[in-house]
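Spelled out, the chains give:
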Amino acid sequence: QVQLVESGGGLVQPGGSLRLSCVVSRTIFNFYVMGWYRQAPGKQREMVASITTGGVTNYTNSVKGRFTIYRDSAKNTVNLQMNSLKAEDSAAYYCNVYIPGYAEEYWGQGTQVTVSS
């Protein structure tokens, strides 16, 4: 079992920045993909950014150039640095880890990001 705990959400003005953090409860030795997803009211959950154990990153088009995902392996943490935030970035953000070799997937409880003046 893997538990994910997110932190760092909150209220920020348009153009501001936030950093989300996700702590993984244990070291995963297999290949895995960690990602951040978001879901706004009335919309489907969408992938925002992901990173593999090899450091390959992927971003949805709307956040490219503004968001950066990175890992701190020593702390079992994956972070999402969000800059130049827009109102449309407002959503509940969820941390996710997918271990394809075991077909296992885990989700955090979510953290709310609200971008508003």
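About the criteria used
- Residues numbered from 1 in each chain as written.
- Predicted model: local features only at pLDDT ≥ 70, side-chain atom pairs only at ≥ 80, totals over all residues.
- Heavy atoms only, no water.
- Pairing = 2+ DSSP bridges.
- Helix = DSSP H or I, 4+ residues; strand = E, 2+ residues; numbered from the N terminus.
- Axes fitted to C-alpha atoms, helices over the stretch in contact; angles between N-to-C directions.
- Buried < 20%, exposed > 50% of the residue type's maximum accessible area, 1.4 Å probe, protein only.
- Phe/Tyr/Trp six-rings, centres within 6.5 Å; stacked < 30°, edge-to-face > 60°.
- Lys NZ or Arg CZ within 6 Å of the ring centre and 35° of its normal.
- Disulfide = S-S within 2.5 Å.

### Remarks on the sheet that holds strand β3 (residues 18-24)
Strands in a sheet are paired, the pairing made by backbone hydrogen bonds, and the direction either parallel or antiparallel.
For step 1, the next point in the chain: With respect to topology, four strands assemble into an open sheet ordered β1-β3-β8-β7, the strand pairing being antiparallel. With one partner strand each, in any of the chains shown, β1 (4-7) and β7 (67-72) form the two edges of the open sheet. Averaged over all pairs of adjacent strands, the angle between their axes in this sheet comes to 15 degrees, without regard to strand direction.
For step 2, the next point in the chain: Alignment of β3 against strand β8 (residues 77-82), held across six bridges, turns out to be antiparallel. The residue bridging V23 from the neighbouring strand is T77, located in β8.

### Some remarks on unusual backbone geometry
For step 1, the next point in the chain: The backbone of S84 shows a phi angle near 50 degrees, a positive value even though the residue is not glycine.
For step 2, the next point in the chain: Of note, S84 is situated in the loop between β8 and β9 (91-99).
For step 3, the next point in the chain: For A103, which is not a glycine, the phi torsion comes out positive at approximately 50 degrees.
For step 4, the next point in the chain: Mapped onto the elements, A103 comes out in the loop between β9 and β10 (104-107).
For step 5, the next point in the chain: Residue A103 is classed as exposed on the basis of its relative accessible area, which comes to 63%.

### Some remarks on the packing of aromatic side chains
For step 1, the next point in the chain: For the coordinates displayed, the defined rule picks out one aromatic pair.
For step 2, the next point in the chain: Taken together, a centroid distance of 4.9 Å and an interplanar angle of 65 degrees make the contact between Y37 and W107 edge-to-face. Remark: W107 occurs in strand β10 and Y37 occurs in strand β4 (residues 33-39); sequence separation between them is 70 residues.
For step 3, the next point in the chain: Owing to a relative accessible area of 22%, Y37 belongs among the partly exposed residues under this scheme.
For step 4, the next point in the chain: We note R45 situated over the ring of Y94; from NZ or CZ to the ring centre the distance is 3.9 Å.
For step 5, the next point in the chain: We note R45 situated over the ring of W107; from NZ or CZ to the ring centre the distance is 4.6 Å.

### Things to note about the pairing of β1
The side chains of a regular strand alternate between the sheet's two faces.
For step 1, the next point in the chain: Of the two faces of β1, the one lined by L4 and E6 is fully buried and the one lined by V5 and S7 carries no buried residue.
For step 2, the next point in the chain: Pairing between β1 and β3: four bridges, direction antiparallel. The residue bridging L4 from the neighbouring strand is V24, located in β3.

### Some thoughts on the state of the cysteines
For step 1, the next point in the chain: Counting across every chain of the model gives one disulfide.
For step 2, the next point in the chain: The disulfide partner of C22 is C95, and the gap between their sulfur atoms is 2.1 Å. The sign of the -85 degrees torsion about the S-S bond sets the C22-C95 disulfide as left-handed. Of the two residues, C22 sits in strand β3 while C95 sits in strand β9, which places them 73 residues apart along the sequence.

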